[in-house]
Amino acid sequence: MKLDITRVRRAVIVAPHPDDEIIGAAGLMLALKQHGARVRVVVVSDGAASHPGSRKWPPKRLVGARRRESLLALRRLDIPAGDVHFLGLPDGALPQHLPRCRQRVRRAVGPGQDLIVGPAATDAHPDHRAVAMALGRGFGAVRQLSYHVWPPRAGAIARARTVPMLGGHAAKRSLLRLYRTQLGAITDDPTGFAIARHELAAFAHPLETFVEVRR
């Protein structure tokens, strides 16, 4: 079933890590902008834990690079830097900082939204589940949707609402390609993270799926 966004004027997309906003909701953000909505993005963690063993990419450099990657990708969706908020919480440790995470996320989302979109509570990544818990159901009658990232999947989801990516697979893949730090550009950490080819193909699926968060 196609997601109806015609009445949305103010939306917030919440991403656990820099890149989750594009994986989960690039097509939705583009559709919202084309309908005249203001879209803000909240990136919760600093992204510093993807390559802990790299000497060439110490945490400060890596965090800066990952922020620039997100800003560049979002700029292509017509979302200005002023509407992107980096909370800088510790990557890989959000469950251990849940009260602080909840406080910071809810403050960043703020009042007056028509739509709040965040990670699924069933996502396999503990940081994603922590952000889902931080969002909770504490926004009254505001519509909330969730997106799934890990493990990557492109199949049908029960009760899902869908949004097609304008430009299809190629358009979304081109956005994901901007996240070079997560695609093998860092080569001096054998234990570091890199999105595999099959994962990139799943993340670039042109039909995004969202599930209503029940109040």
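Preceding block: the structure.
Residues numbered from 1 in each chain as written. Predicted model: local features only at pLDDT ≥ 70, side-chain atom pairs only at ≥ 80, totals over all residues. Heavy atoms only, no water.

**Quick word on the packing of helix α1 (residues 20-34) against helix α2 (residues 59-76)**
It is the contact of α1 with α2, at a shortest axis distance of 11 Å, that shows an interaxial angle of 15°. Taken together, the axes of α1 and α2 are roughly parallel relative to one another. When the axes of α1 and α2 are compared, the crossing they make is right-handed. Every residue of α2 that contacts α1 at E21, I22 and M29 is listed here: S70, A73 and L74. For the contact of α1 with α2, the residue count by class is four nonpolar, one polar and one charged. (Axes fitted to C-alpha atoms, helices over the stretch in contact; angles between N-to-C directions. Helix = DSSP H or I, 4+ residues; strand = E, 2+ residues; numbered from the N terminus. Parallel < 35°, antiparallel > 145°, perpendicular 65-115°, else oblique. Left-handed = near helix turned anticlockwise from the far one by under 90°. Contact = heavy atoms within 4.5 Å. Nonpolar A, V, L, I, M, F, W, Y, C, P; charged D, E, K, R; others polar.)

**Considerations on the environment of V14**
Structurally, V14 can be placed in strand β1 (residues 10-15). In this structure V14 comes out as buried when scored by relative accessible area, which is 0%. Along the chain, V14 and A25 lie 11 residues apart, while their C-alpha atoms are 9.6 Å from each other. Beyond its immediate stretch of four places on either side in the chain, V14 contacts V42, V44, V105, V109, V117, G118, P119, V131, L135 and Y147. (Buried < 20%, exposed > 50% of the residue type's maximum accessible area, 1.4 Å probe, protein only.)

**What to know about the side chain of Q182**
Tracing the chain through its elements places Q182 in the loop between α5 (168-176) and α6 (197-203). Within the structure, Q182 has its side chain in polar contact with the side chain of S50 (distance 3.3 Å). (Polar contact = N/O pair within 3.5 Å; in protein donor to acceptor, adjacent residues only side chain to side chain.)

**A look at the nonpolar core**
A general tendency of soluble globular proteins is for nonpolar side chains to be buried together. Ranked by size, the top nonpolar core spans 42 residues in total, and within it I22, L28, M29, L32, L77 and F210 carry the most contacts. Ranked by residue count, the leading element in this core is α1, at nine residues. L87, L89, V105 and I116 belong to the second-largest nonpolar core, a separate cluster that totals 19 residues. (Core = buried A, V, L, I, M, F, W, Y, C linked by side-chain atoms within 4.5 Å.)

**Thoughts on the packing of helix α3 (residues 98-109) against helix α4 (residues 126-135)**
Remark: α3 packs on α4, axes separated minimally by 8 Å, with the N-to-C direction vectors making an angle of 60°. The angle between the axes of α3 and α4 places the two elements in the oblique class. The handedness of the crossing between α3 and α4 is right-handed. Between α3 and α4, the residues in contact are L98, C101, R102, V105, R106 and V109 and A130, V131, M133, A134 and L135, respectively. Counted by class, the contact of α3 with α4 contains nine nonpolar, no polar and two charged residues.

**Comments concerning the sheet that holds strand β4 (residues 115-119)**
The strand order β3-β2-β1-β4-β5-β7-β6 describes an open sheet built from seven strands, whose pairing is mixed. Each of the sheet's edge strands pairs with one partner strand only, and the pair in question is β3 (84-89) and β6 (160-164). With direction set aside, neighbouring strand axes in the sheet form an average angle of 25°. Judged from the four bridges that link them, strand β2 (residues 38-45) and β3 form a sheet pairing that is parallel. By the bridge assignment, V41 is partnered in β3 with V84. Taken strand by strand, α3 contacts β1, β2, β3 and β4, and its axis lies near 170° from that of β3. (Pairing = 2+ DSSP bridges.)

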